[in-house]
Amino acid sequence: MTLFTVCAILIVDQLAASAAIGVQSIFWWVLTLILFFIPYGLITSELGSAYPEEGGIYAWVRRAYGQRWAGRTAWLWWVNVAFWMPSVYILFAGLLAELVAPDMSLTMKLLVTLGLTWLTVGISIVTLNLGKWVPNVGAIFKAVIMLSIGLGGIAFAARHGVANEFNLQALSPSWGASLAFLPVIVYNFLGFELMSGAGEEMEDPARDVPRAIIASGLLISFFYILATLGILLALPVEQIGLIEGLPDTFGRLFGSRPGGSTIVTILIMMALYTFVANMVTWTIGANRSAAEAAQRGDLPEIFARMHSRFRTPVSAAILTGIIASAVLVLYALLASSAEDLFWTIFAFSSVVFLLPYFLLFLSFLKLRRADPDTPRPYRVPGGHGTAAALSAICMLFIAQAVVFFIYQPGAFDPSYALAVGGGTLLTLLVGEVMVRVGTRPVPEAPANG
């Protein structure tokens, strides 16, 4: 349970963004771990152990609030992957350019991104069961990358000195433009619901679930903080680019060593692999979730259409590609650079991704009251007051992430806020149409007997 959680939540995509906060990011990592990540993990573990046959935000919201809210949740959960894909592959194209073509134009990066998008769609259609080795190899690569950055940064600082000052003042939180990247830390901690059903298979979930939550939280925090520290030891904050941050760090740490260029190339290729592995895995999962929601009558029937040969949700996959391509082209017209394009699309997709988590915590409280008789192999310690307090704190973290993704303190850009906020509002409106068109009663299967 601990290792699966680490594999699912640990990502390389946003390391540079978290480091861009500066030395104070270490304070925010620790604070978010204690006040958000552990309570959020405990809450999802109670839900997953109580309703293990369903699992996930969509099913919990459906049980707590019915079809309409379940349909809205399913829509947001599915469409955020389509929005997220262009940002991941823009980052892929940027790293690829650093590796083989530093002068690659934005147009060429867009073409690379479009090609990878439709390659992912194709893989999700023809692959019935993506082997466990694909994400597991990706997890190993993530650990290697983060350990290399962290330990390499410490070794670099020992030889050349630190690139940023590390003192109490630098570690203290401050209000300013850097808070625009603070939501990335919350974003990087999300994903516990992916393993939420594992509690039923444990011999003693009341004992083992909190141990797994704390162990995985500490491991994930260790990797994130170590890698963030490594970047900050090697690169001054003002030189950390959202796309160039990783290759610049690799080059600074290993480029001057014997065989350094080979090490840098291998690390970049590992990072590129993790991007594709993450995206393929999440796309397959999101398409299957949308198909299940459509089969239950919570989304339009087109999402339920399966491929005649591969038995995969082909319509959901194709729609993912269409939406991802449209978002990429639309925001590319507004962006001045690949880095600007990456951050705008990432912020937009992240806001959409974060919204269902409000419903997760509300569903936890509702099911505690409305369905107290369902056995809960693991239960969050404390009574209703404790449950309400933990849920409220978690929702505050989600709320600040949504706000700071849209509003950038100290550097407010109305056009950027309109692109992210307006895109989110349009997504909600389209989702409302989808739910109203798609919601329909589905007869229950007859009981065996």
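Coordinates for the structure precede this section.
Keep in mind that what you see is a predicted model, and the values were worked out from it rather than measured.

Novice: So what exactly am I meant to see when it comes to the overall build of the chain here?
Specialist: Along the chain, the regular secondary structure elements total 16 helices and zero strands. In summary, the chain has a C-alpha radius of gyration of 22 Å against a globular reference of 22 Å for 449 residues, a match within 12%. Based on the C-alpha atoms only, the size of the chain along its principal axes is roughly 75 × 50 × 45 Å. Residues counted as buried form 56% of the 449 residues belonging to the chain. Residue pairs in contact within the chain that sit at least 24 positions apart in sequence constitute 83% of those at least 6 positions apart. The centroid of the 24 positive side-chain charges in the chain is displaced by 6 Å from the centroid of its 26 negative side-chain charges.

Novice: Help me understand the pattern of salt bridges, please; the structure alone is not making it clear to me.
Specialist: Side chains that carry opposite charge are capable of pairing whenever their charged atoms lie near each other. Inspection of the entire model under this criterion finds six salt bridges. Close ionic contact of Glu46 with Arg376 constitutes a salt bridge, the shortest N to O distance being 3.0 Å. Within this pair, whereas Glu46 is found in helix H3 (residues 25-50), its partner Arg376 is found in the loop between helix H14 (338-370) and helix H15 (384-406), the two being separated by 330 residues in sequence. Taking the shortest distance from any N to any O, the salt bridge between Glu292 and Arg296 comes out at 3.2 Å. Look at the salt bridges and you will find they share partners, linking Glu46, Arg368 and Arg376 into a network.

Novice: What is the right way to look at the environment of Gly431 in this model?
Specialist: Here Gly431 lies in helix H16 (residues 414-438). The class for Gly431 is buried, based on a relative accessible area of 3%. Separated by 355 residues in sequence, Gly431 and Leu76 place their C-alpha atoms 7.4 Å apart.

Novice: When you look at the packing of aromatic side chains in this model, what are you seeing that I'm missing?
Specialist: Each aromatic ring pair is summarised here by two numbers: the centre-to-centre distance and the angle between the ring planes. Counted according to the given criterion, the structure contains 28 aromatic pairs. Centroid distance Phe353 to Tyr357: 5.4 Å. Interplanar angle 75 degrees. Geometry classified as edge-to-face. Placement of the pair is Phe353 and Tyr357 together in helix H14, with a separation of four residues, close to one helical turn. Given a relative accessible area of 0%, Tyr357 falls into the buried group. When the ring centre of Trp69 is taken as origin, the NZ or CZ atom of Arg72, which lies over that ring, is 4.5 Å away.

Novice: Please clarify how a nonpolar patch on the surface should be interpreted in this entry.
Specialist: Taken together, the side chains of Val30, Ile34, Leu35 and Ile393 make up a nonpolar region of the molecular surface, amounting to roughly 300 Å² of accessible area. The element that contributes the greatest number of residues to the nonpolar patch is H3, accounting for three residues. Following the sequence through the fold, Val30 ends up in helix H3. Taking the relative accessible area as the measure of exposure, Val30 reaches 37% and is therefore partly exposed.

What counts as what
- Residues numbered from 1 in each chain as written.
- Predicted model: local features only at pLDDT ≥ 70, side-chain atom pairs only at ≥ 80, totals over all residues.
- Heavy atoms only, no water.
- Helix = DSSP H or I, 4+ residues; strand = E, 2+ residues; numbered from the N terminus.
- Rg over C-alpha atoms; globule rule 2.2 N^0.38 Å.
- Buried < 20%, exposed > 50% of the residue type's maximum accessible area, 1.4 Å probe, protein only.
- Contact = heavy atoms within 4.5 Å.
- Lys, Arg positive; Asp, Glu negative; His and termini not counted.
- Charge placed at Lys NZ, Arg CZ, Asp CG, Glu CD.
- Salt bridge = Lys/Arg side-chain N within 4 Å of Asp/Glu carboxyl O.
- Phe/Tyr/Trp six-rings, centres within 6.5 Å; stacked < 30°, edge-to-face > 60°.
- Lys NZ or Arg CZ within 6 Å of the ring centre and 35° of its normal.
- Patch = residues over 30% accessible without salt bridge, like charges linked within 9 Å, V, L, I, M, F, W, Y side chains within 5 Å.
- Areas by Shrake-Rupley, 256 points an atom, 1.4 Å probe, with all protein chains shown as cover.

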